[in-house]
Structure formats: structure tokens, C-alpha cells
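Close look at the chain arrangement
As a plain string of letters, each chain reads:
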Amino acid sequence: MSGAAGCQGGGGDRGPRWRRPWKLLALGLLSASSVLAAAPGAGAMSKEEKRRLGNQVLEMFNHAYSNYMEHAYPADELMPLTCRGRVRGQEPSRGDVDDALGKFSLTLIDTLDTLVVLNKTKEFEEAVKKVIKDVNLDNDIVVSVFETNIRVLGGLLGGHSVAIMLKEKGEYMQWYNGELLHMAKELGYKLLPAFNTTSGLPYPRVNLKFGVRHPEARTGTETDTCTACAGTLILEFAALSRFTGTSIFEEYARKALDFIWEKRQRSSNLVGVTINIHTGDWVRKDSGVGAGIDSYYEYLLKAYVLLGDDSFLERFNTHYDAIMRYISQPPLLLDVHIHKPMLNARTWMDSLLAFFPGLQVLKGDIRPAIETHEMLYQVIKKHNFLPEAFTTDFRVHWAQHPLRPEFAESTYFLYKATGDPYYLEVGKTLIENLNKYARVPCGFAAMKDVRTGSHEDRMDSFFLAEMFKYLYLLFADKEDMIFDIEDYIFTTEAHLLPLWLSTTNQTISKKNTTTEYTELDDSNFDWTCPNTQILFPNDPMFAQSIREPLKNVVDKSCPRGISRVEESLGSGPKPPLRARDFMASNPEHLEILKKMGVSLIHLKDGRVQLVQHAVQAASSLDAEDGLRFMQEMIELSSQQQKEQQLPPRAVQIVSHPFFGRVVLTAGPAQFGMDLSKHKAGTRGFVATIKPYNGCSEITNPEAVKEKIALMQRGQCMFAEKARNIQKAGAIGGIVIDDNEGSSSDTAPLFQMAGDGKNTDDITIPMLFLFNKEGNIILDAIREYEAVEVLLSDKAKDRDLEMENMDQKLSENDSHKQNSEEATSASQDVGAVSAEPEGGENSDVTDPDSLAPAHADSDSVSISNQDSYVPGTDEASAPEPACTQGDHQPQEQKLETESNSKVNWDNKVQPMESILADWNEDIEAFEMMEKDEL
């Protein structure tokens, strides 16, 4: 998400005549020195320090960009762990994430205007020439309309905007003749077939070559799209129309926005997450400011700024009033049901909402922006990065972090609004964490798990498009820029569109075609684009006074967020039955369940299953009680499951040239050393054993002694492998999966179980790596021969001392190799391919068993269909609160077998199965709600 660079679009002779006494004072990108004095004690950052940090951002960008160009271009994205490009179809599918890839050099296009912001004009000129010469937009490939619009169309338009600016200055781009704009127009026409629906909402995907309904298109059967997907088009499409004079693009984008506005829930003025593109019915009726809706709100306000159409501002303010009334629970932002907005839809937040404080700055509502930003910063200080999702009591819900820029964006805009040097220190923390935990030799790697510090082999294009842009602008002074950033507005991908477009090629009528605006307090509108002198009159401590109560909100308090339902209950009647009190053998409890529409089913395996049908409840209030009971039961059940699961572990390569910068996600073992109780972990050089499967006595003990043994999965029990290498003198073991292409990116966490016998004799640590991660170590052995790793429960700080020593050595010295050892190593590695395949053709009889995720035969299975229905990945349950370290695994799709072995054909996803069963009765419940309304 991205904020706006300025508010001039609504001022002067470019804006409409106001029908309200608006107080629109330009905020713009104010320099810190012109806003207010530094708060006492805040410690104003020196110019030298700001310049040093700005230069550090430039160096980091160079590291990421040069590695993409060297190792990945013309591929769409860089895979920084394996130092190669990600080409769609050549790597294991990642599902919807891959819809952003269209074989059009995505990262280069997305980075074009970043090069100019960072004063890299020569590199920009070269990049533009490459795009014009190499990029093909006529590929037979299905892509996301949303992602292609904000990243590729936006990237081309942003590149064109700065190209014509540089050309006018007379030094660079003198040869440029609108080539990027021509490509943008070509791409715009390729996206238009997606709008061929009766509603005007676009299909979520389109084939760049064949469109949507063509027999060879392989798309066009979808019925649903997210609100943000359909509502985040107006800036790019309107800019394309204004640049080219072709009005059709702006017309289509406006029609989609108009339809969403008309379909809002009229009593709450909220919109849902997912909508049917043909009927306009809400498919997912929860509402928030995070994933699925976020940039819809952003583009309403920015469409007003860029286009000068006050109807967009009226819509935004109407929605904003509803957001602050129902969703905002300072400092939290929690999803609610659109029909019953006092009822929270979930107890966790996703990281995409980190953009919202920046949007509130543009709105002018600074206090809640400061509060939410500070809460997010406290979460970051605990985990180094913002987890993809976290609960209301700040436990990790989803542990990944794909280097998202939204928090950096809000940090930048809050600094510009307050001038508080505190936000420069926040930016400094972001820089340090990126270099310390995400930097790898070939770029910056996304975090697979913020709790362990393990990496994922991805560096998304938005990292270069947004992160470095906001960080550089945070520390740059006006004289550091070669153009005035206040003349532009940022799109949601941080691409630059000039504000003068508001007066160019105005072929669209500004007549308001929508109805039923809610009359709001005029003070709600007074906030828009305020001057900071009005915000903080004679009070330089304003921002600090807001932050102070939130300083300990995460680490010390570990509070439990109180839902609005609980608040509304107050001292009145409590729900008739709480999940923690439920007993399946209690007739009174069963009668209460029946009244709430909850039925109990006894399964053949001895478990009981709870299913709620809201239409069977005695009343709508009883149905609500049943809904809350089922939500409580889900949280209780998932927490119990978590307590029986082992967390993921980390394998960190600490030798030259990695020095701890590469961290691999590893599966734990239910036997051997417990790394969570040995914080130092086990460190040693790796050695490949013979035989490679480790199923018999090791024949090269001299190579294994005092080292960490590498072996292949298969042909015997994990415990037997451990005993054999321990006997040979190994200090630890790593089992590498023999299933070609398996990866922690796409597979659930793998636990190694024992052999059903007493395993107390095994004292060394054992970890499991999927094939892709294991090959990273094997490739390192081939190239560097001596590879040292650290086995631990969580990645440790990089070995800076060793890295500094290495930098002092000559390149020849650092790459010295012993020819005899190299020969031996190659023979050892050669044993990998020499191992016979077999013994694992049937997963049912695979002796390398997974550990059961839970072994409680009296467990409760829950199926509820009247609550918020998450996507596939939302099955992950939050970890226990207030633990010393956050080490719970994100997801384990495992099922218990009587012999402690797992049948992969029968493996299940407990929480996913539970939540997937909710769909049918959600519709019935909400139809009942609609009838009530």
C-alpha cells in the first residue's frame, strides 16, 4: 500500500467547488525541519546520521537490484537463496501468488521510478531501454488483473511519468518518445476483456494473449473477486486515459467503483471481502482494512486527490466514519461482520493493515494513526519483522514475512506529518533488521518464519518498488531530490503519477451517479489534508504523548483484547455455555447446544464432532451465542493441538561467504537433543556419510567424527540413522528428503518420529530438510568444500567478526581449496545420486515416519458454518500467549496412526477441514440476518 505524495489535487483551480465548508490545507511532503521542533528528549537525528542512513539504503538497493539483474533478469523475480530467476512453470506452483508473474520482467518494470527517486538516472535510462527492447506483453499466460494493474501497468505509467519529467529537464531521456506509455496502453487493452461482466466488476484473472472467454484462455469461469481487486484500478486506468486521451479505461474503472459503492451494506456502510462479479452478492461478509479490502479505501481518497472529483471523497468519508465506528478498537483494527458490525469476525489482524496509519495521515486523523503504528512497531521489536498475521494479544498467527513495505510507508508519512525524529529511529530499526536477518549473498530473502529466522527463496518485486523508495525518502532532504516529490501521488505500489493529470483530458463527467450518502458530522471532513500547525498547536510533545501508553503493550502487558461483544455484555448475562466448561456427557450442556443450533456427532474413532446450523437455533440471539461458542471451541482446540506440536527449527550456514545470512527451515525430531533447551545450539562442519541413507554402520567414520552428518531419507527409521551416525562420532545429523523438488515453501512442517522404542540413548540433535533446502547445503559443499552450519531452535545473529576477518583476506586466500579434500567431498556428494531408489515408493509403508500432530483420541472436531470463513492458509492457530519465545509452527497437516506412522494418502488438515465446512450455513445465517434487516 502507498500513501499520497500531496493533496494539491483538491486545491487551487484544479479542484471542484465545495458544497461544504471544507478546510483543506495542503499537507504535502513537508520537510521535518519545517513542521515542528523535536520533542524534548526525543533526540533529533543529526544531518550526518540521516545522510549515512540514506546512503545505506542506496547500498541495500544496489545489492538487491544488481543481483536481480545479474542472476534473474529477464525473469519476473529473483530467488535470492538459489541465485536464479523465478520463471513461472519452471518452479513448483505457489498458487495464487504466482498469478503476479507474467513473463514480462516484473521486477524491472516495478522498479523503474524507484531508480529515479534514488537519483539513479543513468541506470533508469538503461532500464527503460531494456524494457522497450526485451519485454513482451503478448504471452499466453493467465495473470491476476489486480497485480498486473498495480505492478506492471502502474510501473509503466510511473516510468513514463518520470521519463517525461527528466526529458523536460534537458539532461536525460532526450531520445524518449512515449514508448513506455505505448506499452501501458497495449497492456490496458489486454486487461479490458476482464471487465466483460454484467456488473462491471472485472474477472480476477485474464489471459494476456487470449483474454477471458476464449477457448484457449484457461480462465473466465471464476465467479468471485475481492473488493480490493475490483476497487484498486481507478488511479492507473484514469491516468492511462488522461495520458492517452482514450476514455474507455477510466470509464471501466469508475463503473467498477460505482458498483461496489452501490452494494455496500447500507446500515453499516461497510463492504465485505469477496463479492460475486455477476450478481453483486457478498460472498465473504466480514469487513476490515487489511487483506482483500485495503486498497479499495485507499483509492477512493486518492482518486479524489488525483482527479478532483468530490464524490470519491464523500464515499471515502462515509466508509471512514464506519471504520472508526466499528473496526477501529484503538490501537487495534479488527474485522467485523457487515450486517452486525458490533460482532468481531476474527481475533487476529493481518500485516497488510499496516498501510492504514499512512492513509489516516492523508485523511488528517493523526491520533489513531500514531496509536496503530506504535502497536505495530512494538510487534516488530519483538519479532524483528511484522508477522503476516498476529492475534489481539500479539501472538504470531501466521509466521511468514515477505518483506512487505506497508509499515515503512506509514512510518514515512507519520514522520512527514509530525516531524518527530522518533520515526527516523523506527526507520533505522527497519534498515538494521533487513541487513541483519534478511540479507543474503544474492539479495534479500523473505522470512519463512519470523520466530526461527528461517528464509524463503523469494524476493517480491514490491520490495524494490516500495520498500527502498519509502526508506530513502524518510532520510532524504529536499535538496537530495532531483525533482519535487510533492508534484506526484503514490499508487498502492508506490508508483508516481503527476497531479497535473487532474486537469488533462477530462472526458469523464464528474456527476455523482451514486445515492444515499450518510450525513456525517462536519468535523469528519475538516480532517482532510490538514496543515500540521493546526494539528499540533503549541504542543511538540503531541505524538509522544499518544505513543507513551502503548510502549509496553506487547512485551510486558501481553493483553487480551476485549471484543465488542464482550463489552456490550458488560455485567449483563453471559453466554449460556463457555467452551472451556463444555462436557459432552452433560445432558444440560447438550440441551443448551441444541438451543444454540449446535449438534453433537459421535465419530467411529471415538471423537465427537460439533456442527452448528444457525437456522436450527431457537432464535437469532441463540444463533449468535452458538457462533461465539464455536469460535471459543475452535481457539481452545487449536491451542491444545499446538501444545502437542514441536516447533520448527533452523539450519543456519555460518561459514564463508554466508556468515549466518542463509537460514533454512528445518523439521524437528521427537528424539535426541532438544534444541529449545540448548540455546547455543550445535555448530559444526557438515560431512556426507557413507552409505548415504545411514541405515547401516557408517563406513567413513573418520570423515564424520565431530561433524554434522548429512544423510538421505529412506530405507530405515529416523532413529536408526541417528544411532548409526552417533556411533560414528557425529555431533548432529541432517536428514535430506529424497523427494525431488520438495520444499518448505510448499509443504507443511515435517516432524521426525521415533521407532516406537525408547530413544533416550540418542543424545545428538537431528533435523530434517526438504529437498530444495538440502540442495542449498550440498551446492555449498561443491563450491566451498568446508561448510559450517548451526543447528538451533532459532537463527542467531550473523557472525560479524568472522565476516570482517574474511573481508580482510585476499580473494585467493578466501577461496583456497585442498585438492585431496575436494576429491573426497565430490565422491561423497556423488553418493547422493548413486543411492538406489526404493523403499519409499509407498508413503503408507514409509519407515521414515512423521510425528503425529496430536494423539488425543478424545479430541473434539468442530464444524461451524456461521462465522468468518478464512482462506486455506488461515487454518494456522495462534501460539500460546506470553511465552518466552515464539516458536510454534505455523502449520502441520498431520494425522495420528496407531503405529506412529503417517499415511500421506490420509493426511488431514484439522483446522482447514473444520473451517471449510462453514460455508453452507453461513449463507443461511446471513440470509436470516438479511430478513431481519
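Basis of the calculations
Residues numbered from 1 in each chain as written. Predicted model: local features only at pLDDT ≥ 70, side-chain atom pairs only at ≥ 80, totals over all residues. Heavy atoms only, no water. Helix = DSSP H or I, 4+ residues; strand = E, 2+ residues; numbered from the N terminus. Buried < 20%, exposed > 50% of the residue type's maximum accessible area, 1.4 Å probe, protein only. Contact = heavy atoms within 4.5 Å. Areas by Shrake-Rupley, 256 points an atom, 1.4 Å probe, with all protein chains shown as cover. Pairing = 2+ DSSP bridges. Axes fitted to C-alpha atoms, helices over the stretch in contact; angles between N-to-C directions. Expected span 1.5 Å × (residues − 1). Parallel < 35°, antiparallel > 145°, perpendicular 65-115°, else oblique. Left-handed = near helix turned anticlockwise from the far one by under 90°. Core = buried A, V, L, I, M, F, W, Y, C linked by side-chain atoms within 4.5 Å. Polar contact = N/O pair within 3.5 Å; in protein donor to acceptor, adjacent residues only side chain to side chain. Salt bridge = Lys/Arg side-chain N within 4 Å of Asp/Glu carboxyl O. Disulfide = S-S within 2.5 Å. Right-handed = clockwise from strand over helix to strand, strands pointing away. Phe/Tyr/Trp six-rings, centres within 6.5 Å; stacked < 30°, edge-to-face > 60°. Lys NZ or Arg CZ within 6 Å of the ring centre and 35° of its normal. Nonpolar A, V, L, I, M, F, W, Y, C, P; charged D, E, K, R; others polar. pLDDT = per-residue confidence, 0-100.

Let us look at the overall build of the protein. Summing up its helical and strand segments, the protein has 29 helices and 30 strands in all. Taken over 933 residues, the protein has a buried fraction of 63%. Here the contacts in the protein between residues at least 6 apart in sequence split such that 75% fall between residues at least 24 apart. Of the roughly 35,000 Å² of accessible surface on the protein, 48% is carried by carbon and sulfur atoms.

Below, the discussion takes up the sheet that holds strand β23 (residues 649-653). The strand order across the open sheet formed by seven strands is β24-β23-β29-β25-β26-β27-β28, and the pairing between neighbours is mixed. The sheet is open, and its two borders are formed by β24 (662-666) and β28 (766-769), each paired with just one other strand. With strand direction ignored, the average angle separating the axes of adjacent strands in the sheet is 30°. Bridge count between β23 and strand β29 (residues 788-792): four bridges; the pairing is antiparallel. Note that in β29 the partner of V651 across the bridge is L791.

Turning our attention to the pairing of strand β17 (residues 446-449). Strand direction decides the pairing type here: β17 and strand β18 (residues 454-456), joined by three bridges, are antiparallel. Across the sheet, residue A446 finds its bridge partner in β18, namely E456.

Another point: the sheet that holds strand β13 (residues 389-391). Strand order in this open sheet of three strands is β12-β13-β14, and the pairing throughout is antiparallel. Only two strands of the sheet have a single partner each, and these edge strands are β12 (348-350) and β14 (396-398). Across this sheet, the average inter-strand angle for adjacent strands is 30°, counted without regard to direction. Bridge count between β12 and β13: three bridges; the pairing is antiparallel. By the bridge assignment, M349 is partnered in β13 with F390.

It is worth spelling out helix α13 (residues 406-418) at this point. Here α13 contains 13 residues, and its C-alpha end-to-end distance of 18 Å stays within 8% of the 18 Å for a straight helix at 1.5 Å per residue. By the criterion of burial, α13 is predominantly enclosed, with 13 of the 13 residues buried. Of the residues one or two after α13, G419 is the one with positive phi, at around 70°.

The subject of this paragraph is the packing of helix α8 (residues 248-262) against helix α9 (residues 294-307). In contact at an axis separation of 12 Å, α8 and α9 are set at 130° when each is read in the N-to-C sense. With respect to α9, the element α8 is oriented oblique. In the crossing of α8 with α9, the sense of the turn from one axis to the other is left-handed. Between α8 and α9, the contacting residues are E250, R254, L257, I260 and W261 on the first element and Y296, L300 and L307 on the second.

Attention shifts here to the nonpolar core. In this structure, F124, Y297, L434, F444 and F468 are the most contacted members of the largest nonpolar core, which totals 181 residues. Per-element accounting of this core gives the leading share, eleven residues, to helix α4 (residues 145-169).

A separate point is the side chain of T429. Looking at where T429 falls in the secondary structure, it is placed in helix α14 (residues 422-438). Note on T429: relative accessible area 18%, which makes it buried. Among the polar contacts listed, one links the side chain of T429 to the side chain of Y377, at a separation of 3.1 Å.

Under the definition given, this model contains 46 salt bridges. Where K772 meets D457, a salt bridge forms, and the shortest distance between an N and an O atom there is 3.5 Å. Of this pair, K772 sits in helix α24 (residues 771-784) while D457 sits in the loop between β18 and α15 (461-475), and the two are 315 residues apart along the sequence. You'll find K772 and D457 in the same group, each marked buried. One salt bridge connects R628 with E624, and the closest N-O pair in it is separated by 3.8 Å.

By the secondary structure assignment, S655 is in the loop between β23 and β24. Distance from S655 to E788, taken between C-alpha atoms, is 5.0 Å for residues 133 residues apart in sequence. The residues touching S655, leaving out its near neighbours within four places in the chain, are A786, V787 and E788.

Another aspect to go through is the state of the cysteines. One way to say it: the disulfide is the covalent bond shared by the sulfur atoms of two cysteines. In total, this model carries three disulfides according to the counting rule given. Across a sulfur-sulfur distance of 2.1 Å, C226 and C229 are joined as a disulfide pair. With the S-S dihedral at roughly 90°, the linkage between C226 and C229 falls on the right-handed side. Here C695 is linked by a disulfide to C716, with a sulfur-sulfur distance of 2.1 Å.

This part covers unusual backbone geometry. Across the junction of Y73 and P74, the peptide omega takes the value 10°, indicating a cis bond. As for its placement among the helices and strands, P74 is situated in the loop between α1 (47-71) and β1 (77-79). The peptide bond linking H656 to P657 adopts the cis configuration, its omega dihedral lying at 0°. Relative to the helices and strands, P657 is located in the loop between β23 and β24.

A few words now on the pairing of strand β26 (residues 708-712). With respect to burial, β26 is a largely interior element, five of its five residues being buried. Here β26 shows no split at all, with I708, L710 and Q712 on one side and A709 and M711 on the other all buried. In this sheet, strand β27 (residues 732-736) lies alongside β26 in parallel orientation, the contact comprising five bridges. Opposite A709, over in β27, you have G733 as the bridge partner. Running through helix α23 (residues 718-727), the crossover from β26 to the neighbouring parallel element β27 is right-handed.

Turning next to the packing of aromatic side chains. Summed over all chains, the structure comprises 33 aromatic pairs. With a centroid separation of 6.4 Å and 80° between ring planes, the pair formed by F385 and Y437 is classed as edge-to-face. Here F385 is found in the loop between α12 (366-383) and β13, whereas its partner Y437 is found in helix α14, with 52 residues between them in sequence. Each member of the pair F385 and Y437 is classed as buried. Here the aromatic residues F61, Y65, F444, F463 and F468 are joined through ring pairs into a cluster of three or more. Here the guanidinium or amino end of R346 rests over the ring plane of W348, the centre of that ring lying 3.8 Å away. Sitting over the face of the ring of Y422, R547 holds its NZ or CZ atom 3.7 Å from the ring centroid.

Two elements in contact, α12 and α13, have axes separated by 11 Å at closest approach and are oriented at 135°. By the angle between their axes, α12 is oblique relative to α13. Remark: the crossing between α12 and α13 carries left-handed chirality. In contact with I366, A369, I370, H373, L376, Y377 and I380 of α12, α13 contributes F407, S410, T411, L414, A417 and T418. Here the residues of the contact of α12 with α13 sort into nine nonpolar, four polar and no charged.

Counting all residues, the mean pLDDT for the protein is 79, and 73% of those residues have values of 70 or more. The model gives residues 511-515 a pLDDT under 50, and that stretch makes twelve contacts with residues more than four places away or in other chains. Note on residues 525-538: pLDDT under 50 across the span, and 47 contacts to partners over four residues away in sequence or across chains.

Burial analysis of helix α2 (residues 106-117) places twelve of its twelve residues in the buried class, the great majority of the element. Of the positions making up α2, those classed as buried are L106, T107, L108, I109, D110, T111, L112, D113, T114, L115, V116 and V117. Directly after α2, the chain includes N119, whose backbone phi takes a positive value near 65°.

Here we come to the environment of T107. Here T107 lies in helix α2. Along the primary structure T107 and A465 are separated by 358 residues, whereas in three dimensions their C-alpha atoms are 7.9 Å apart. Residue contacts for T107: discarding those within four places in its chain leaves Y68, D76, E77, S461 and L464.

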